[in-house]
Amino acid sequence: MSTEPALMTLTAVAKAIADKQLSSHEVTRACLHRIAQWQPHLNAFMAIEAEAALKAADEADAALAKGDNRGVLHGVPLAHKDMYYDAGKVVTCGSLIRRDFVATTTSTALQRLKDAGSIRLGSLQMAEFAYGPTGHNAHYGAVRNPWAREHITGGSSSGSGSAVAARLTFAALGSDTGGSIRMPAHFCGVTGLKTTYGRVSRAGAMPLSQSLDTVGPLAQTVEDCALLLGLMAGADPEDLTASSAPVPDYMAATMASIKGLKIGVPTSFYVDDLDPDVARILDETIAVLKREGADIVKVELPDQRQLSAASQIVIAVEATAFHKRWLIERPQDYGPQVLMRLQNAFAIPGVTYLEAMRWRGAALAAHVAATSKVDAVIAPVAPIPAPTIAESDVGNTPGAEAVIQRLTRFTRPVNYLGLPSLAIPSGFAKSRLPVAMQLIGRSFDEATLLTIGAAFQRATDFHAKVPETPGTSP
Amino acid sequence: MSRPSPKAIKAMADVAGVPIDAATSQRVSESIGPAFEGFAPIAGTLPFDLEPASFLLMQLAKVSK
């Protein structure tokens, strides 16, 4: 474990502050120092609130000195995707349209982290209205990958992936509607948890597709994700789609053994047409899990292409319905990629959308039947490591649309089924770009994924690798 | 179910009150076409008594187990 405060894990730094080994001021200053080093190279932050963060840190230190510990995140500075409403703060949603939008409420997920004592460092960049899988943003510029800055971060939680990878924040909220947490986790080499639909309240989070949107964390480790999920999960009177299903002890789950757990390896789709490095890392990840005591079995999944297609129909219609007023009044204020995606919905009849919604329960039942003998399914997050920013630039590069379609191939089916999926750093390609695998679980069974992911991280150190800080190479 | 033609897309956008030009309707047809084709085996095959809320029931059924 690093003793440099900004390089510590969320869990470790929270304990160090609580035990008064480090002050919140020291930790916040260390993060701000790192942000100053990296931000010109990454464009990961939308807003940096240095003065306010240090003031909040001093208040946290003063409170702790008086014995007033507000919670397990007392004095821990965090930054989140700029789509979580925070009363009194500008929340741009990565857009020009909301450049000056000041939230009047605070999102439930964010409030629960604040209630646990976290303080605000600023806000993180994202794809415009969370509607893009690469990290491009026509208004605020592309976010860059700390491992190779000409490569994409993945989106839409682009700033979250980039900032956690560069250790500018200990963790960050993202959102996942078609892969927007798992792809930045994969491309940037961090841990990301796409939660079960309904596990975490969406109240006060900018909507993209109300049937598919999920809230979740990106962090260094599985343990950090477990800590945040435990704080955020559960029913919410502000969001009646937030489930009242029991919230287990996720931190305890990270300490459980994986001996005897069955992990399914798909026989097709997720193993087809893989980049050689991704294929190799999938095999190596399976080997580690087997060595740690998991039983590895083959699973035949229902047709994932149909799930992906249904997912695209649902997200297209729901997103455009949210945006219709602005499409009429302010079409010129959208970036070209987002405007193009929003226009796609006009091709979809209402009956087709409702068929896609009606099929969802049956499709989930078929998936449950196909995976009834396993505790989780393992698959790559994407078939390739991060492409370059240029080769995924729709509108300026021929073939970029095909690249983007390929990126989301393995993530969309999970959103349609509403399942949880944990992306874990699993290795590096020969190009030195990170690669992650996703563990796909049963509805509301994040705990099993956290058990498997934590066991993998105890046996490997891919999650602990840190990209070289600019200007520090000999 | 077949992918909608650019002409049909242009008409639907007009009805929705967000007119698009011919080039845009052509692009939309090409962009959304694969989703239509991927979903075609399901469209028109679903049983009568199937509601969108069956998804939430299926999620909860797993929790209660």
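Residues numbered from 1 in each chain as written. Chains lettered and ligands numbered in written order. Predicted model: local features only at pLDDT ≥ 70, side-chain atom pairs only at ≥ 80, totals over all residues. Heavy atoms only, no water.

### Focus: helix α2 (residues 22-39) of chain B
Residues and elements named next belong to chain B. The condition is simple: A helix here means a DSSP run of H or I that spans at least four residues, while a strand means a run of E at least two residues long, and both kinds are numbered starting from the N terminus. Multiply 1.5 Å by the residue count of a helix minus one, and that product is the helix's expected span. Think of it this way: the bend at a residue is just the angle between two axes, each fitted to seven residues, one set ending at that residue and the other starting at it. Partly exposed residues are those whose accessible area sits between 20% and 50% of the maximum for their type, while under 20% is buried and over 50% is exposed, using a 1.4 Å probe and protein chains only.
Taking 1.5 Å per residue as the helical rise, α2 with its 18 residues ought to reach 26 Å, and the 25 Å between its terminal C-alpha atoms agrees with that figure. At I32, α2 shows its maximal bend, which comes to roughly 40°, and the proline P34 appears one to four places after that position. Along α2, the residues that are buried comprise T24, S25, V28, S29, I32, G33, A35, F36, G38 and F39.

### Details of the packing of aromatic side chains
Stated formally: Note on aromatic pairs: the rings of Phe, Tyr and Trp (six-membered ring only in Trp) are paired at centre separations within 6.5 Å, and the planes decide the class, stacked below 30 degrees, edge-to-face beyond 60, tilted for the rest. Two limits define a charge over a ring: the Lys NZ or Arg CZ must be within 6 Å of the ring centre, and within 35 degrees of the ring normal.
Scanning the entire structure with this criterion turns up twelve aromatic pairs over all chains. Judged by centre distance (5.2 Å) and plane angle (55°), the ring pair of A:Y270 and A:F410 falls under tilted. Residue A:Y270 is located in the loop between β7 (262-266) and α9 (276-291), and its partner A:F410 is located in the loop between α13 (400-407) and α14 (412-417); the two are separated by 140 residues in the primary sequence. Taking relative accessible area as the criterion, A:F410 reaches 0% and is therefore assigned buried. Between A:W359 and B:F39, the ring centres sit 6.1 Å apart and the planes meet at 65°, which makes this aromatic pair edge-to-face. Of this pair, A:W359 sits in helix α12 (residues 350-370) while B:F39 sits in helix α2, each in a different chain. With respect to burial, A:W359 and B:F39 carry one shared label: buried. Each residue in the set A:W147, A:F428, A:F456 and A:F462 is aromatic and connected to the rest through ring pairs, giving one cluster. A cation over a ring is seen here: A:R360 above A:Y197, with NZ or CZ 5.4 Å from the ring centre.

### Considering the pattern of salt bridges
The test is simple: Salt bridges are identified by distance alone: a Lys or Arg side-chain nitrogen within 4 Å of an Asp or Glu carboxyl oxygen.
Inspection of every chain in the model, using the stated rule, returns 22 salt bridges over all chains. Across the pair A:R325 and A:E329 runs a salt bridge, and its minimum N-O distance is 3.3 Å. In this pair, A:R325 and A:E329 are both assigned in helix α10 (residues 304-329), four residues apart and thus about one turn of the helix distant. Overall, the relative accessible area of 60% leaves A:R325 in the exposed class. Classification of A:E329 by relative accessible area gives partly exposed; the value is 47%. The salt bridge partner of B:E37 is B:R3, with a shortest N-O separation of 2.8 Å. Of this pair, B:E37 sits in helix α2 while B:R3 sits in the segment before α1 (6-16); the two residues are 34 residues apart in sequence, bridging distant segments of the chain. Several salt bridges share partner residues, and in doing so they unite A:E49, A:D86, A:K89, A:K114 and A:R120 into one network.

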